[in-house]
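Coordinates in review
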Amino acid sequence: MNNGCRVDTDRFDKSDRERVGADEFGRSISKVAVGQICERLGFYSANDSALEALADIVIRYVKDLGKTTKFYANVANRTECNVFDVIQGLEDLGSSVGYPGGSEGCSSVLASGVMKEVMEYVEGVEEVPFAQPVARFPIVRSRRLTPSFVQMGETPEFKHVPDWLPAFPDPHTYVYSPVWNERTSDPRSDKVELARQRRKAESSLLSLTKRLLSSGSAVTSTVEAANGGKKTRFLALTDGQTVTHSAEGEKAVFETELNPVVLRGKHVNDSNTENHVSILETFTPVIEAINGRVSESGENGERDFLDKRPSVRLNFNNGRKMIGDSLDLRLWNRGTGRISSWFGRDDVMDDKKRRAEYILRQSMENPLDLPQL
Amino acid sequence: MNHNQQSNEVRHDDENALSDFLASLTDYTPTIPDELVEHYLAKSGFQCPDVRLTRLVAVAAQKFVSDIAIDALQHCKARQAAVVRDKKDKQQRDKRLIMNMEDLSKALQEVIITL
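My aim in this report is to walk through the structure given alongside it, one point at a time. Quick caveat: nothing in here was measured; it's all calculated off a predicted structure. (Residues numbered from 1 in each chain as written. Chains lettered and ligands numbered in written order. Predicted model: local features only at pLDDT ≥ 70, side-chain atom pairs only at ≥ 80, totals over all residues. Heavy atoms only, no water.)

1. As for the interface of chain B and chain A
When the parts come together, some accessible area is lost, and that loss is often what is quoted as the size of the interface. The interface of chain B with chain A comprises 56 residues on the first partner and 64 residues on the second. Counting the surface lost from both chain B and chain A, the interface buries some 5400 Å², and carbon and sulfur atoms represent 75% of this. Of all residues in chain B, the largest losses of buried area upon contact with chain A belong to Thr31, Tyr40 and Met99 of chain B, amounting jointly to 13% of the total for that side. One can count one salt bridge joining chain B with chain A. (Contact = heavy atoms within 4.5 Å. Buried area = accessible area lost by both parts, 1.4 Å probe. Salt bridge = Lys/Arg side-chain N within 4 Å of Asp/Glu carboxyl O.)

2. A closer look at the pattern of salt bridges
A complete count under the given rule lists 13 salt bridges over all chains for this structure. One salt bridge connects aspartate 85 of chain A with arginine 78 of chain A, and the closest N-O pair in it is separated by 2.7 Å. A salt bridge links lysine 63 of chain B to glutamate 117 of chain A; the nearest nitrogen and oxygen atoms lie 3.3 Å apart. Of this pair, lysine 63 of chain B sits in helix H3 (residues 51-84) while glutamate 117 of chain A sits in helix H5 (residues 113-124), placing the two residues on different chains. Counted as one network, the salt bridges with shared partners bring together Arg27, Asp56 and Arg60 of chain A. (Helix = DSSP H or I, 4+ residues; strand = E, 2+ residues; numbered from the N terminus.)

3. Some remarks on helix H3 (residues 48-75) of chain A
With 28 residues, H3 of chain A extends 41 Å from end C-alpha to end C-alpha; this agrees with the ideal 40 Å at 1.5 Å per step. Just downstream of H3 of chain A lies asparagine 77 of chain A, where phi reads positive at about 65 degrees. (Expected span 1.5 Å × (residues − 1).)

4. Points about the nonpolar core
Soluble globular proteins tend to pack their nonpolar side chains together in the buried interior. Of all hydrophobic cores here, the largest spans 65 residues; its most connected members are Leu54 of chain A together with Leu56, Ile68 and Met99 of chain B. A per-element tally of this core places H3 of chain B first, with 14 residues. In this structure leucine 54 of chain A touches Val34 and Cys38 of chain A together with Val65, Ile68, Met99 and Leu104 of chain B, once residues within four positions along its chain are discounted. (Core = buried A, V, L, I, M, F, W, Y, C linked by side-chain atoms within 4.5 Å. Buried < 20%, exposed > 50% of the residue type's maximum accessible area, 1.4 Å probe, protein only.)

Okay, structure coming up:
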């Protein structure tokens, strides 16, 4: 059977998703069953509306038959239905159509014409079971009832309430009790506490930096043997970052400088140790200064760092030339103007300019190697 | 006396036929599934634990539907025969029988259901 006769759930879902009735499941099943019956009779397909109408008629018929059967059973003082009740119900429903023996009135139920017709039908027609297995429906969810007084083990407070009724809800669900803050707050002691915690954090940070530095200098000897210099990279990074955090006045400057320095260190192969040591040398005085300052005053930072700093010399590639590298690798001190230019101009200069400068310097430095450039 | 005996025999035969039929229903699986029939019978108050009765109801409903469908089929064939009379291709008549609302309503009118 082609698609017209089958229940087309895809199409229906898209259009009727909002309008699903309560009995949709039963209706779709009966539609499939009716479609199967029609197909067996010789229909190639059916209009959707015709199929729905027929499915509705089937459901109505079953309901009416059940109602009539129940009526006959009740009339005979019974609640459970009998086969005779069913036969009488069938006769009732078939009376409008007509069946053999209908005009004779209420004859023997056993010799009912309707039953004969049904029997003939069953014997004559081939058995076509329903296409798919159907689950029992509707599914009844078992509800959890509120336990009664007796089940809870309580006795109701009021005498007029019997104990087999559901229990009252707990008082905390409906009684409102005010809530207030028990803790008294002292603004002065709060400030003192806050300052103490800040100092503690700073001192712990300092001790951490010192420990890292001391461990870092111990590590350089081992790093000479190492290949990629990853440890140094890491240490340099941590150094830079801790220094950044502790030095408040230079935060803006350090962040931009140290990161490019450290990142470019990846390209370096063998002279890492030199680089590392020089970084250590660079920042030890800074840390000493911070130490002294923290013990003196507290949180206010001043900008005298820039004047006190010694010249930085980070020699990455001694004999080798790496033209592809960016300019930041070479931080040398050729004059006092270098430092200020480095720290002041970095945001302004872009990569291309730095590259040009680098090449220029290279050519000036090594006039013999000019053809290599 | 004779008549009574005869009617007794007839009744006996009928009883046998009925019981045989009900016994055969346990094997037969109607096209309308049992769960569907049970659901709608329960909705209308029909209370019976016996599966044979639900099968009986299912078979009766199936017969009802097939009667209507056969009538609709005849209507459809009759209409096709009226149309195809002019054309030469006779084989066209046998294919593509589609159940229409019109055929169905004509068939249902005989069962006195107006749509």
